[in-house]
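Understanding the architecture of this molecule
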Amino acid sequence: MTGKQTLPEASEDLRDVVLDVHDAVKYFRTRRTSLRGERAQVHAVDGISVRLRAGRTLGLVGESGCGKSTLGRLITGLDTPTSGSVQVGAELRDVTAGAGGRVQAVFQDPASALDPRMNVRASVAEALGGVGKAEREQRVDDAFAAVGLPRELGSRYPHQLSGGQQQRVCIARALIARPDLILLDEAVSSLDASLQAQVLDLLERLQRETGTAYVFISHDLRAVRQVSHSMAVMYLGQIVEEAPADAFDRGLLHPYAVALRSTEPGIFQGEEGIERVVLRGEPPSAVNPPPGCRFAPRCPIADDGCVQVAPELAEVSTGHRVRCHKPGELTLTRAVHADSATSGAADLGGEL
Ligand SMILES: Nc1ncnc2c1ncn2[C@@H]1O[C@H](COP(=O)(O)OP(=O)(O)O)[C@@H](O)[C@H]1O
Ligand SMILES: [Mg+2]
């Protein structure tokens, strides 16, 4: 080759990146047909790009049905995208093409994730695959110790353990193969508050010790905020705002993100007693979403332009992206009650 080599455009730094999701789309066909006889499609994940580095946690929040678990299934290779790509692990391999072991998952219900006929030590050991017996025994012991489970519990069956112990077994099983990335989908949601706090602390400690990256999915903003370095708010299959955790505390710009955050007053420093933003309208449907901004029908500040033209996800500062025609116009200090006839709690529908 002669002459000067051109650098790739915007030569992006991929060092330490263990998850690279590029324009991922997942549609599900439904049995329903429209008036024109077209098959309705659920736009469960509709053009999502995210990147995550080793040792970091990306939190995904949003109402039930916004596509969090579907995105999680794409990240773990349990499902293939309709289009787009998902690359995982330190070598950034396509998740559908032999990325096995680089990504592990922990789900909400540990009892159904564990084989009831196997003692829990065997369940953890099974995740390890082909290593010699002595090494396997040592690593299972280490995994039990890492998650704070007494070794003696290994001979028990899942139903003989508490929910918190079962979830520790699932975390041990996810960790033992030393994955680059662990997906945690509502992993603490079925635990009571004090157990939740213990497991979140455990996850943070394990991340410091192992450098494993986490994608932490929850409808519970409080839990997500505690463990995340950056957060993405999803609405009807799309990211509407993504921000580093500190920007999430101070400067959210998307009206939906502001509304979501306003339902959790007092968890962010110095914000006791902030007003709630009450959203109007129906809980959203991801079936054939409208052409303009998907949040417009419930947005307190939407205008005709918002209804007609879909906003792009635009970067406003490093790592902070917003999909809104009027970013920052709805703030917590200038909260707008969209429907003054609605009183009391925020009407966000779903689990939030
Ligand atoms: N296998 C499937 N077939 C059809 N629709 C699905 C399937 N899985 C999820 N969906 C739909 O996709 C949307 C997103 O679901 P999901 O990813 O489970 O949301 P979340 O985890 O945020 O609650 C919902 O409308 C849901 O009904
Ligand atoms: Mg889910």
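Everything in this summary refers to the structure shown in the same document. Because the structure is a prediction, the values reported are computed rather than measured.

1. A word on the pairing of strand E4 (residues 83-88)
- Note that E4 and strand E5 (residues 93-94) share two bridges and pair antiparallel. If you follow Val88 over to E5, its bridge partner there is Arg93.
- Taking the residues between adjacent antiparallel strands as the criterion, E4 and E5 are bridged by four residues, where Gly89 takes a positive phi near 85°.

2. Quick notes on the pairing of strand E8 (residues 213-217)
- Among the five residues that make up E8, five are buried, leaving the element largely enclosed by the rest of the structure.
- Of the two faces of E8, the one carrying Ala213, Val215 and Ile217 and the one carrying Tyr214 and Phe216 are both buried.
- Of the strand pairs in this sheet, strand E3 (residues 57-61) and E8 are connected by four bridges, and their pairing is parallel. Across the sheet, the residue bridging to Thr57 is Tyr214, located in E8.
- Examined bridge by bridge, strand E7 (residues 181-185) and E8 share five bridges and lie parallel to one another. The residue bridging Leu184 from the neighbouring strand is Phe216, located in E8.
- Once you follow E7 into helix H6 (residues 193-210) and on to E8, the crossover reads as right-handed.

3. Considerations on the sheet that holds E8
- Here we have eight strands laid out as an open sheet, ordered E6-E7-E8-E3-E9-E10-E12-E11, and mixed in their pairing. Looking at the sheet topology across the chains shown, the edges are occupied by strand E6 (103-106) and strand E11 (314-317). Across the sheet, the mean angle from the axis of one strand to that of its neighbour is 25°, orientation sign disregarded.
- Sheet topology places strand E9 (residues 230-235) next to strand E10 (residues 238-244); six bridges connect them, and they run antiparallel. Considered in E10, the bridge of Val233 is made with Glu241.
- Contacting E3, E7 and E8, H6 runs over the sheet at an angle of about 155° to E8.

4. Brief notes about unusual backbone geometry
- Unlike most non-glycine residues, Asp16 shows phi in positive territory, near 70°.
- Here Asp16 shows up in the segment before strand E1 (17-33).
- Positive phi outside glycine occurs at Glu186, with the angle close to 55°.
- With respect to the helices and strands, Glu186 occurs in the loop between E7 and H6.

5. Notes on the nonpolar core
- In terms of nonpolar packing, the biggest core is built from 60 residues, with Ile171 and Phe216 touching the most fellow members.
- With six residues, the single largest contributor to this core is helix H5 (residues 163-175).
- Dropping the residues within four chain positions of it, Ile171 is found in contact with Val106, Val147, Val199, Leu202, Leu203 and Leu206.
- Counting residues in hydrophobic clusters, the runner-up holds 26 residues, among them Leu19, Leu74, Leu183 and Met234.

6. A short note on the site of ligand 1
- Around ligand 1 sit Phe28, Val42, Ala44, Glu63, Ser64, Gly65, Cys66, Gly67, Lys68, Ser69 and Thr70, and those are all the residues in its vicinity.
- A distance of 2.6 Å separates an oxygen atom of ligand 1 from a polar backbone atom of Gly65.
- Gly67 is positioned with one of its backbone polar atoms (N or O) 3.1 Å from an oxygen atom of ligand 1.
- Taking 560 Å² as the accessible area of ligand 1 by itself, protein coverage stands at 59%.
- Counting only elements with at least two residues in the shell around ligand 1, the list comes to strand E2 (39-53) and helix H1 (68-75).
- In terms of residues, the shell around ligand 1 owes the most to one element, H1, which gives three residues.
- Residues that form the shell around ligand 1 fall into these classes: four nonpolar, five polar and two charged.

What counts and what doesn't
Residues numbered from 1 in each chain as written. Chains lettered and ligands numbered in written order. Predicted model: local features only at pLDDT ≥ 70, side-chain atom pairs only at ≥ 80, totals over all residues. Heavy atoms only, no water. Pairing = 2+ DSSP bridges. Helix = DSSP H or I, 4+ residues; strand = E, 2+ residues; numbered from the N terminus. Buried < 20%, exposed > 50% of the residue type's maximum accessible area, 1.4 Å probe, protein only. Right-handed = clockwise from strand over helix to strand, strands pointing away. Axes fitted to C-alpha atoms, helices over the stretch in contact; angles between N-to-C directions. Contact = heavy atoms within 4.5 Å. Core = buried A, V, L, I, M, F, W, Y, C linked by side-chain atoms within 4.5 Å. Near = heavy atom within 4 Å. Polar contact = N/O pair within 3.5 Å; in protein donor to acceptor, adjacent residues only side chain to side chain. Areas by Shrake-Rupley, 256 points an atom, 1.4 Å probe, with all protein chains shown as cover. Nonpolar A, V, L, I, M, F, W, Y, C, P; charged D, E, K, R; others polar.

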